[in-house]
Amino acid sequence: MSCFAIRSLLFGAGLALCVSETPAAAQEQLRYPQIIHYRYEATDASHEHTFHQVEGLWIDRNVTLADLRGVLDFFVKETFGADAEIRLRPSFFPFTEPSFEMDLRSPNLGRLSDRWLEIMGCGLVDPKVLELCGLDPQEWSGLAFGLGLERIAMLVHGIDDIRHFYNNDTRFLRQFA
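The numbering scheme is per chain: residues are counted from 1 as the chain's sequence reads. In keeping with the model being predicted, local features are shown solely for residues with a pLDDT of at least 70 and side-chain atom pairs are shown and tallied solely at 80 or more, while totals for entire chains, interfaces and linings include all residues. Side-chain descriptors were evaluated using all non-hydrogen atoms of the structure, hydrogens and water having been removed beforehand.

(A) Up close: the packing of aromatic side chains. Working definition: rings of Phe, Tyr and Trp (its six-membered ring) pair if their centres are within 6.5 Å, and the pair is stacked with planes under 30 degrees apart, edge-to-face with planes over 60 apart, and tilted otherwise. In this structure the tally under the stated criterion is one aromatic pair. Summarising the aromatic geometry, the rings of Phe 165 and Phe 172 are spaced 5.6 Å apart at their centres and angled 85° between planes, so their arrangement reads as edge-to-face. Overall, Phe 172 belongs to the buried group, its relative accessible area being 11%. Relative accessibility thresholds used throughout: buried, under 20% of the residue-type maximum; exposed, over 50%; partly exposed, between the two (1.4 Å probe, protein chains only).

(B) Region of interest: the nonpolar core. In plain words, nonpolar cores are sets of buried Ala, Val, Leu, Ile, Met, Phe, Trp, Tyr and Cys residues tied together by side-chain atoms within 4.5 Å. If you look at the biggest cluster of nonpolar residues, it comprises 21 residues, and the most contacted ones within it are Phe 80, Met 102, Leu 104, Ile 119 and Leu 155. Strands here are runs of E lasting at least two residues and helices are runs of H or I lasting at least four, both read from the DSSP assignment and numbered beginning at the N terminus. Where this core is concerned, the elements lending two or more residues are helix H3 (65–80), strand E4 (96–105), strand E5 (117–125), strand E6 (141–148) and helix H5 (149–157). Ranked by the residues each element gives to this core, the list is headed by E5, at five residues. One finds Leu 57, Val 125, Leu 130 and Trp 140 within the second-largest nonpolar core, a separate group that totals nine residues.

(C) Region of the structure containing the confidence of the model for the protein. You can read pLDDT as the predictor saying how much it trusts each residue, on a scale of 0 to 100. Averaged over all residues, the pLDDT of the protein equals 79, while 73% of them reach at least 70. Low pLDDT, under 50, characterises residues 1–13; the predicted model gives this stretch 31 contacts beyond four residues in sequence or across chains. Residue contacts are defined here by distance: any two heavy atoms, one from each residue, within 4.5 Å place the two residues in contact. Contacts of residues 25–34 to residues separated by more than four positions or lying in other chains number 32 contacts, the stretch itself having pLDDT below 50.

(D) Quick peek at the pattern of salt bridges. For salt bridges, the criterion is a side-chain nitrogen of Lys or Arg within 4 Å of an Asp or Glu carboxyl oxygen. By the definition in use, this model includes eight salt bridges. Glu 85 is the partner of Arg 105 in a salt bridge, and the nearest nitrogen-oxygen pair spans 3.1 Å. Within this pair, whereas Arg 105 is found in strand E4, its partner Glu 85 is found in strand E3 (residues 85–93), the two being separated by 20 residues in sequence. You can call Arg 105 partly exposed: its relative accessible area is 26%. Linking Arg 89 and Asp 103 is a salt bridge whose minimum nitrogen-to-oxygen distance equals 2.5 Å. Residue Arg 89 is found in strand E3, and its partner Asp 103 is found in strand E4; the two are separated by 14 residues along the sequence. Since its relative accessible area comes to 29%, Arg 89 is described here as partly exposed. Each of the salt bridges in this network shares a partner with another, and the network as a whole consists of Arg 87, Arg 89, Asp 103 and Glu 118.

(E) A look at H3. Here H3 contains 16 residues, and its C-alpha end-to-end distance of 22 Å stays within 8% of the 22 Å for a straight helix at 1.5 Å per residue. Taken as a whole, H3 has its buried residues at Leu 68, Leu 72, Val 76 and Phe 80. The arc that holds every buried residue of H3, seen down its axis, measures 60°, which confines them to one face. More than 90 degrees from the buried face of H3, the exposed residues found are Ala 66, Phe 74 and Glu 78. Buried-residue contacts for H3 involve E3, E4, E5, E6 and H5. Here, expected helix span is obtained from the residue count minus one, scaled by 1.5 Å. Along the arc lie the directions from the helix axis toward the C-beta atoms.

Printed below as a string of structure tokens:
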């Protein structure tokens, strides 16, 4: 399966690439590799033109919004603690329908504690995507999500500026070695 052979990509939408590269592979549960995204954007403490993204895709029979919420809730509680909460807000992404922004609220995030923070996009795989994979959307369904690794690391470690990851300051980088 070529999705598993991909190590890193200069591509803005990993799901679209995997669909175009591996239509037969969509019948199994897939895990995506790390994807490097590049975008035109002014940089500041919370935005960088380059970032690493993890994308998840689960295709199976009878995958529902309850499954999506369960997967995301599990991830957040494992990463940020049992008191962390999530909420889903309607949004738009081209390969999912319905689409959501997922927000996180946790009491242990320093100055960001107990505030809703947007951390990822997610949704159910659009039936048209399933059709492009040669799957009957009446039989198959799926969920997908994508989140930036730097954003998660910033929240977990209390890092206040994303640019620290790219300045090659060994004093900063050594704390993670």
